[in-house]
Amino acid sequence: MVIEINNLYKSFKNVKAVNDLSFCVKKGELFAFLGVNGAGKSTTINIISGILPKDSGTVVVCGEDVDKHADDVKAKLGIVFQSSVLDKRLSVYDNLKSRAALYGIFGAQFKARLDELDELLELKDILKRPLVKLSGGQRRRADIARALIHEPELLILDEPTTGLDPQTRQTVWKVIDGLRQKNGLTVFLTTHYMEEAAIADYVVILDAGKKVAEGTPHELKTVFATDIVRLYRHIDEASKLFLSQGFHVKRERDYVDVEVENTAAATKLITAHSELFDDYEVLKGNMDSVFLRVTGKDIREA
């Protein structure tokens, strides 16, 4: 295991930021850590990285107890924070050079590593430019390069694509996927984009500091997500009928959605009322509906 956390607690005065949290992250895994703001995600990340002391529990990262070997743990981590921690006045090159020096990477070794990162992240055009002059996507590439400069075993991405345009988000994920395939890099992700969580190997959902659900995306969708049967004809008749039968119905201008528990329930509904289903589709439950069902909250709005 790359991360092993057992019975973790952390409070700030009367607020239990992390409340009896336990989970594991396997080597090479893309692990998604989900929760609205204030759920305890950032507190947990700060404890994992040795920035914040815990109240109780055990935290082992890359085989090292964080309490006993914090410096060793930090050397094995790369973190991309929500907000850039690079010096905005310095060029990308100078930022990366100073960062590399903290890990004893100088001279020819730094140049070789920079060439590798340039090939991965296309840094050449921005290396000499100050961070303050870069676009959001360019700054994010520089942030990822900073986190990877020392070839960490674990990469923590704290909402890495928030605010980025779709093309840049796609580029970021192409880089991450390449690193996982090539180097077996373990990635610990927090995100507000449920389509990113849907591609994770394993997901833990937090609410008010407590773990409220965990599993693979498929397992979570099977247990918590509901399917939607969408009808494009007979809208008035279908709305009245299925409402009277106790279904959750959402009426729109051009269609009506009927919520069902699973595919089997959708098939039963369609078979029982085949005269209404001459223009329809069945929409599978997704991670958005999982999160809403588990926490009662919309992660994007929160």
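Up top is the structure these notes are about.
Let me begin by describing the structure that accompanies this report.

1. Notes on the pattern of salt bridges
So, point 1. Evaluated as defined, the whole model comprises 17 salt bridges.
So, point 2. Salt-bridge contacts for Lys10 lead to Asp55; the nearest nitrogen and oxygen are separated by 3.8 Å. Of the two residues, Lys10 is situated in strand β1 (residues 3-12) and Asp55 in the loop between α1 (41-48) and β4 (56-61); the sequence distance between them amounts to 45 residues.
So, point 3. Across the pair Asp67 and Lys54 runs a salt bridge whose closest N-O atoms are separated by 2.6 Å. On the criterion of sequence distance, the pair formed by Asp67 in the loop between β5 (64-65) and α2 (70-75) and Lys54 in the loop between α1 and β4 is long-range, its members being 13 residues apart.
So, point 4. In this structure, a network of salt bridges that share partners links the residues Arg169, Glu195 and Glu196.

2. Some words on the sheet that holds strand β12 (residues 249-251)
So, point 1. One open sheet holds the 4 strands; their spatial order is β12-β13-β11-β14, and the pairing between them is antiparallel. The open sheet terminates on both sides in strands that have one partner only, identified here as β12 and β14 (280-283). If you compare each strand with its neighbour and ignore which way they point, the axes differ by 20° on average.
So, point 2. For strand β11 (residues 227-231) and strand β13 (residues 256-260), the ladder comprises 5 bridges, and the chain directions are antiparallel. The residue of β13 that forms the bridge with Asp227 is Val260.

3. Focus on the environment of Ala100
So, point 1. Examined against the element boundaries, Ala100 turns out to sit in helix α3 (residues 92-102).
So, point 2. Along the primary structure Ala100 and Leu114 are separated by 14 residues, whereas in three dimensions their C-alpha atoms are 9.6 Å apart.
So, point 3. Once you skip the residues sitting within four places of it in the chain, Ala100 turns out to touch Ile105, Phe110 and Ile149.

Rules used in this analysis
- Sequence order as written defines residue numbering, which begins from 1 separately in each chain.
- In keeping with the predicted nature of the model, local features appear solely for residues at pLDDT of at least 70, side-chain atom pairs appear and are counted solely at 80 or more, and the whole-chain, interface and lining totals rest on all residues.
- With hydrogens and water set aside, each side-chain value is computed from the structure's full complement of heavy atoms.
- In what follows, salt bridge is the name for a side-chain nitrogen of Lys or Arg lying within 4 Å of a carboxyl oxygen of Asp or Glu.
- A run of DSSP states H or I qualifies as a helix once it reaches four residues; a run of E qualifies as a strand once it reaches two. Both are numbered from the N-terminal end.
- Following DSSP output, two strands are said to pair if at least two bridges run between them.
- Simply put, an axis is a line fit to the C-alpha atoms, just over the touching stretch for a helix, and the angle between two N-to-C directions goes from 0 to 180 degrees.
- Should any heavy atoms of two residues lie within 4.5 Å, those residues are considered in contact.

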